[in-house]
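What follows is each chain in one-letter form.
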Amino acid sequence: MNEKTRSIIINIAVLVILSVAAYFTASGPIKIIASIGGIICVYFVAKESVWNYPVGLIGNSCLCYTLFQTKLYADAILQIMFMVLMVFGWIFWLTGRSRRERVRPAKHLTTVHGVAIGVFIVIATIIWGGIIKQWGDPAPYFDAFTSMVGISAQYLLSSRVYENWYGWFALNGLSLCLYAYKGLYLFSVLYCFYLLIAIGGMIKWRKSFVQ
């Protein structure tokens, strides 16, 4: 068995395992598609595959629909923002590359860019937290902070910035604890998978990014 065939088999096996994990953390076909789409999307991101965007858009669309159906409008609006950033990322990854490259090379976060994102997270958390507090959110500023970290991480990912992984580590860790606190242990397990994939993705990106 050659290296390429072995790699394909391993990738398929990993995707099957992750899909099964996602299946058991969801209920109903739309939620199952959302969960499986989300975890496969993260896997493709770790592999630096542009396929993370179409898969992610499908998963997020299902999640957005589910959130609107359950009247969680604040979360649904955030999913729309994520989808806008995904479309931007899909275009960005496929431009500015050489003929030998599958996607645009990664880069490091600049100091100015990092400060700007930090300011955005603080200001956006205060504003969004105030809005969802009026909508009856039981933990408005914690939820708002988590959401803004996620949006910032997605923006950095879409921009092919290596440090996006730190944002995903923070988001996955916060979400894991939050779901465990709420007694949603299967979702905590799902976010453990996200965290493990993110670690693998960070290692792979570190080997391949262009300074």
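Quick look at the structure, then.

Thresholds applied
Residues numbered from 1 in each chain as written. Predicted model: local features only at pLDDT ≥ 70, side-chain atom pairs only at ≥ 80, totals over all residues. Heavy atoms only, no water. Phe/Tyr/Trp six-rings, centres within 6.5 Å; stacked < 30°, edge-to-face > 60°. Helix = DSSP H or I, 4+ residues; strand = E, 2+ residues; numbered from the N terminus. Buried < 20%, exposed > 50% of the residue type's maximum accessible area, 1.4 Å probe, protein only. Lys NZ or Arg CZ within 6 Å of the ring centre and 35° of its normal. Expected span 1.5 Å × (residues − 1).

### A closer look at the packing of aromatic side chains
Then, number 1: Taken as a whole, this structure holds four aromatic pairs when the rule is applied.
Then, number 2: Ring geometry for Tyr53 versus Trp93: centroids 5.3 Å apart, planes at 90 degrees, classification edge-to-face. You can see Tyr53 sitting in helix H3 (residues 52-69) and its partner Trp93 sitting in helix H4 (residues 73-93), a full 40 residues away along the chain. For the residue pair Tyr53 and Trp93, the accessibility class agrees, reading buried in each case.
Then, number 3: Each ring, one from Trp128 and one from Trp135, has its centre 6.1 Å from the other, and the planes form 80 degrees; the classification is edge-to-face.
Then, number 4: Taking the relative accessible area as the measure of exposure, Trp135 reaches 51% and is therefore exposed.
Then, number 5: Residue placement shows Arg160 over the ring face of Trp93; its charged tip is 4.7 Å from the ring centre.

### Here's the deal with helix H2 (residues 29-46)
Then, number 1: Over its 18 residues, H2 runs 26 Å from end to end, which matches the ideal 26 Å to within 8%, given 1.5 Å per residue.
Then, number 2: Most of H2 is tucked away: 13 of the 18 residues are buried.
Then, number 3: With its phi angle positive at about 60 degrees, Glu48 sits one or two positions after the end of H2.

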